[in-house]
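A look at the structure
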Amino acid sequence: MDKERIDKMALASGLEHKKLDDGSMGFRPYIYKLVDMVESAVSHEYDTQRKKDQQDLTALRQQVQNLAGENIRLRAAIGNARECLDEVSNG
C-alpha cells in the first residue's frame, strides 16, 4: 500500500501527523512498517485460505465424478435387471 493511502487512512482513523526529524509533518516510519506487516499477514492468510479452498474444491469435484460414475454403473445394473425381468416375464 502506498504512503499516500496509508496517510489518508491513518488520518481518517484519528491518528495525527507529528513533526519529524527533518522538520516536516508526517507519520513516523513505524506506522508504515506496521501497515506493511498487517498487510503481509492478511495477504498470507488470504493465500492460505485460497489454497485450502482450492483443495476442498478439487476434493468435491472428485466426489462428484465418483458419484457420476456410480450413477452410470447403477443405471446399467437397473437396465440389466429390467432385461432379466422382461425375459422372465415373457419367457
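Everything here concerns the structure above.
Figured I'd write up the structure that's included with this text. (Residues numbered from 1 in each chain as written. Predicted model: local features only at pLDDT ≥ 70, side-chain atom pairs only at ≥ 80, totals over all residues. Heavy atoms only, no water.)

Concerning the overall build of the protein
For the protein, the count of helices and strands is 2 helices and 2 strands. In sequence order, the protein lays out its α and β elements as α-β-β-α. Radius of gyration (C-alpha) of the protein: 32 Å, far over the 12 Å computed for a compact globule of 91 residues. Based on the C-alpha atoms only, the size of the protein along its principal axes is roughly 105 × 20 × 15 Å. Here the protein holds 91 residues, and 9% of them are scored as buried. Surface accessibility of the protein: about 8100 Å² in total, with carbon and sulfur atoms responsible for 56%. (Helix = DSSP H or I, 4+ residues; strand = E, 2+ residues; numbered from the N terminus. Rg over C-alpha atoms; globule rule 2.2 N^0.38 Å. Buried < 20%, exposed > 50% of the residue type's maximum accessible area, 1.4 Å probe, protein only. Areas by Shrake-Rupley, 256 points an atom, 1.4 Å probe, with all protein chains shown as cover.)

Overview of the packing of aromatic side chains
By the definition in use, this model includes 0 aromatic pairs. The ring of Tyr32 has Lys3 sitting right over it, with the charged end atom 4.7 Å from the ring centre. (Phe/Tyr/Trp six-rings, centres within 6.5 Å; stacked < 30°, edge-to-face > 60°. Lys NZ or Arg CZ within 6 Å of the ring centre and 35° of its normal.)

Quick notes on the nonpolar core
By size, the foremost hydrophobic cluster in this structure holds 5 residues: Ile6, Ala10, Phe27, Ile31 and Tyr32. Secondary-structure elements contributing two or more residues to this core are helix H1 (3-12) and helix H2 (29-90). Ignoring sequence-local partners within four residues, the contact set of Ile6 consists of Met1, Ile31, Tyr32 and Val35. (Core = buried A, V, L, I, M, F, W, Y, C linked by side-chain atoms within 4.5 Å. Contact = heavy atoms within 4.5 Å.)

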